[in-house]
Amino acid sequence: MKKQKFGIIAVLVVLYAIGWLAFFSGRTQAGVDYAQLIKNAEESAGKRLYVQAAEFYKAAWESVPDVDIYKKITNLYDQYYEEEHTPEVLGEYMDVVGDVIDKYPEVSEFWDKGIALNIEAGDERNAYKLAKSAIMSGISSELVQGEYKKLKYTISDGYKRFEKYHTADNGYISVYNGEVWRVADNRCNEMSAGYRYIGPLSDDGYGLYRNDIDLRLMDAVNVIRARYAIEIDEAGVYSTESGMAPVRIGSTWQYLKSDGTSAEGRYEMAGSYVDGKAAVCSEGKWYLINEAGETVSEVFEEILLDSHGRYLNDGIILAKEEGKFHIYNEKWEQQGDFSADDADRSPAEGLIAFASGEKWGFADSDGNIVFAPVFAGARGFSNGLAAVKDESGRWGFVDEEFETVIDCRYLETGYFNNDGACIVSTDEGSYHTISLKYE
């Protein structure tokens, strides 16, 4: 019995020894193969057989994965493309870099090469996608950051021009081409037939339309919801919740109701209804009214409206007392000690533009100054961008780091919407859209 046990143990020892011998032998052979592959790669590179050298390097990487091997491969293709500046070599190089980015997404050098090669190939859209992916992967190299910002704010100009316009939260605009008004998307593709007048649309698509028959309230699918036997000169945004739309007839503003009648009040200025209240001006004084036309706030020198006529946005109100604008919450409690000579707010949430003397800066909704006044003019932030005016009187845009990302070359500007589009003017009395090209 003891001899049998001893025999089994002896067999196991032998098998164990054989296994280790095979393991070390395999490693030794792998080492020999790796070294030979590296040597073959170097010799091929010396003969300027770049693709062959890359094949040897890739085979070596399969044996011993090492990021330095792929750095050698990309360096090979640098030389290859420098010698043979052809689309074919560039395409091969881009494929190699795409492969290595997948393998080593943490190495900024490879992302830099990929972005640069796509720009070289004229594919800025893919270069932007790469830069965006690089940032999401935690890459912060100077090239990645610089190209990302440059490409992100590359714009395309709409070719259609118009004389007047109204913007809407839903991305549509009402435009007048000198003959008729139409509803269009943010690239000015026409979405409706021609009318004598179209007011601004609400975010759910309601608006006032005037043709040769009458003035009508229509919804997003062009169903007529009310008719009015009056002429108007201007309209504000209709509130579906309150069923009211501000309109101007001559120099007087009033409200049209969804039942086809007019509310009683008459004002020097009238804003859109928000949460059952609207800001109005009468005899030079501003205050809020409810849906019955009753005064429901203190009186102010001015209540600032956004471009859609709203007094309340992002939970705050900007109103003027004793010649200065202050920030209030919905309960009319003043936020901080913010004080400004003038102010501007976009229809979207974002930093407020404010003036101190002749210079403009930016503040948050709590009244904290985020960027001191240095600009000749400014508009509130909308979707990550704010229009600013330089000393020549031209407008451009800054990003949230207050760096100029769209040069000051416009006579007038609006606000960027959620689709990355904005209305601008380069010629007096003429407007067109610009849009972020790659967003």
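Residues numbered from 1 in each chain as written. Predicted model: local features only at pLDDT ≥ 70, side-chain atom pairs only at ≥ 80, totals over all residues. Heavy atoms only, no water.

(A) The arrangement of the overall build of the protein chain in detail. Counting its secondary structure elements, the protein chain contains 7 helices and 28 strands. Over its C-alpha trace the protein chain gives a radius of gyration of 33 Å, far above what one expects of a compact globule, namely 22 Å for 439 residues. Its C-alpha atoms give the protein chain principal-axis dimensions of about 115 × 65 × 50 Å. Buried residues in the protein chain amount to 45% of all 439 residues. Sequence-distant contacts in the protein chain: of pairs separated by 6 or more residues, those separated by 24 or more amount to 36%. With the model as given, the accessible surface of the protein chain reaches about 22400 Å², and the carbon-plus-sulfur share is 49%. In the protein chain, 44 positive and 75 negative side-chain charges are present, and the distance between their average locations comes to 6 Å. (Helix = DSSP H or I, 4+ residues; strand = E, 2+ residues; numbered from the N terminus. Rg over C-alpha atoms; globule rule 2.2 N^0.38 Å. Buried < 20%, exposed > 50% of the residue type's maximum accessible area, 1.4 Å probe, protein only. Contact = heavy atoms within 4.5 Å. Areas by Shrake-Rupley, 256 points an atom, 1.4 Å probe, with all protein chains shown as cover. Lys, Arg positive; Asp, Glu negative; His and termini not counted. Charge placed at Lys NZ, Arg CZ, Asp CG, Glu CD.)

(B) Representation of unusual backbone geometry. Phi is positive for Trp 332, which is not a glycine, with a value near 65°. Relative to the assigned elements, Trp 332 resides in the loop between strand E17 (324-329) and strand E18 (342-344). The partly exposed category is assigned to Trp 332, whose relative accessible area is 22%. Unusually for a residue other than glycine, Phe 402 sits at a positive phi of about 65°.

(C) How the structure looks around the pattern of salt bridges. One pass over the full model with this rule turns up 18 salt bridges. Salt-bridge contacts for Lys 103 lead to Asp 99; the nearest nitrogen and oxygen are separated by 2.7 Å. Here the residue Lys 103 and the residue Asp 99 both occupy positions in helix H4 (residues 87-103), the gap between them amounting to 4 residues, near one helical turn. Measuring nitrogen to oxygen at the nearest pair gives 2.9 Å for the salt bridge that ties Asp 214 to Arg 216. Each of Lys 149, Asp 399, Glu 401 and Glu 403 takes part in one network of salt bridges that share partners. (Salt bridge = Lys/Arg side-chain N within 4 Å of Asp/Glu carboxyl O.)

(D) Summary view of the packing of aromatic side chains. Inspection of every chain in the model, using the stated rule, returns 27 aromatic pairs. On the numbers, 6.5 Å between centres and 45° between planes, the contact of Tyr 104 with Phe 110 is tilted. Like Tyr 104, the residue Phe 110 is buried in the burial classification. Taking the centre distance of 4.3 Å and the plane angle of 20° together, the rings of Phe 371 and Phe 402 count as stacked. (Phe/Tyr/Trp six-rings, centres within 6.5 Å; stacked < 30°, edge-to-face > 60°.)

(E) Quick peek at the sheet that holds strand E23 (residues 386-389). One open sheet accounts for 4 strands, arranged E22-E23-E24-E25; its pairing is antiparallel. The sheet is open, and its two edges are formed by strand E22 (377-378) and strand E25 (404-410), each paired on a single side. In terms of strand pairing, E22 meets E23 through 2 bridges, oriented antiparallel. Residue Gly 377 lies in a different strand from E23, and its bridge partner there is Lys 389. (Pairing = 2+ DSSP bridges.)

(F) Molecular detail of the environment of Tyr 81. When you line up the elements, Tyr 81 lands in helix H3 (residues 67-83). Between the C-alpha atoms of Tyr 81 and Thr 252, which are 171 residues apart in sequence, the distance is 71 Å. Non-local contacts of Tyr 81, meaning those with residues more than four positions away in its chain, are made with Thr 86, Val 89, Leu 90, Tyr 93 and Glu 120.

(G) View of helix H5 (residues 108-120). With 13 residues, H5 ought to run about 18 Å at 1.5 Å a step, and its terminal C-alpha atoms sit 18 Å apart, in line with that. Within H5, burial applies to Phe 110, Trp 111, Asp 112, Lys 113, Gly 114, Ile 115, Leu 117 and Asn 118. Buried positions along H5 lie against H3, H4, helix H6 (124-136) and helix H7 (142-152). Trailing H5 by a residue or two, Gly 122 shows a phi angle of about 80°, which is positive. (Expected span 1.5 Å × (residues − 1).)

(H) Expanded view of the side chain of Asp 306. Mapped onto the elements, Asp 306 comes out in the loop between strand E15 (302-303) and strand E16 (316-321). Here the side chain of Asp 306 touches Arg 310 through a polar contact of 3.0 Å, landing on its backbone nitrogen. A polar side-chain atom of Asp 306 sits 3.2 Å from a polar atom in the side chain of Asn 313. Not counting the four nearest positions on each side in its chain, Asp 306 is found in contact with Asn 313, Arg 345, Ser 346 and Pro 347. (Polar contact = N/O pair within 3.5 Å; in protein donor to acceptor, adjacent residues only side chain to side chain.)

(I) Spotlight on the packing of helix H2 (residues 50-63) against H3. Between H2 and H3, whose axes approach to 10 Å, the crossing angle comes to 170°. Taken together, the axis directions place H2 and H3 in an arrangement best described as roughly antiparallel. Counting all contacts with H2, which are made through Tyr 50, Val 51, Ala 53, Ala 54, Tyr 57, Lys 58, Ala 60 and Trp 61, the residues of H3 involved are Ile 69, Tyr 70, Lys 72, Ile 73, Leu 76, Tyr 77, Gln 79, Tyr 80 and Glu 83. When its residues are assigned to classes, the contact of H2 with H3 shows 13 nonpolar, 1 polar and 3 charged. (Axes fitted to C-alpha atoms, helices over the stretch in contact; angles between N-to-C directions. Parallel < 35°, antiparallel > 145°, perpendicular 65-115°, else oblique. Nonpolar A, V, L, I, M, F, W, Y, C, P; charged D, E, K, R; others polar.)

(J) Just the layout of surface pockets, in detail. Roughly 910 Å³ of volume is contained in the largest pocket. Together, 41 residues line the largest pocket, and Thr 167, Asp 306, Ser 307, His 308 and Pro 347 are the ones closest to its centre. Of all elements in the fold, only strand E2 (164-167), strand E9 (234-235), strand E12 (269-270) and strand E27 (421-427) reach the threshold of two or more residues within the lining of the largest pocket. When residues in the lining of the largest pocket are grouped by element, the largest group, 4 residues, is from E2. Split into classes, the residues belonging to the lining of the largest pocket amount to 19 nonpolar, 16 polar and 6 charged. Looking at the second largest pocket, its volume works out to about 460 Å³. As for the second largest pocket, its lining consists of 22 residues, of which Asp 169, Asp 203, Tyr 273, Val 274 and Arg 310 are closest to the centre. Across the lining of the second largest pocket, the residue classes tally to 8 nonpolar, 6 polar and 8 charged. (1 Å grid on protein atoms, 1.4 Å probe; cavity = no way out; pocket = protein on both sides within 12 Å on 5 of 7 lines; lining within 4 Å. Points joined across faces, edges and corners; volume = space filled by probe spheres on them.)

(K) Representation of the pairing of E23. Two strands pair when backbone bridges link them, and E23 and strand E24 (residues 395-398) are joined in this way by 4 bridges, in the antiparallel orientation. The residue bridging Lys 389 from the neighbouring strand is Trp 395, located in E24.

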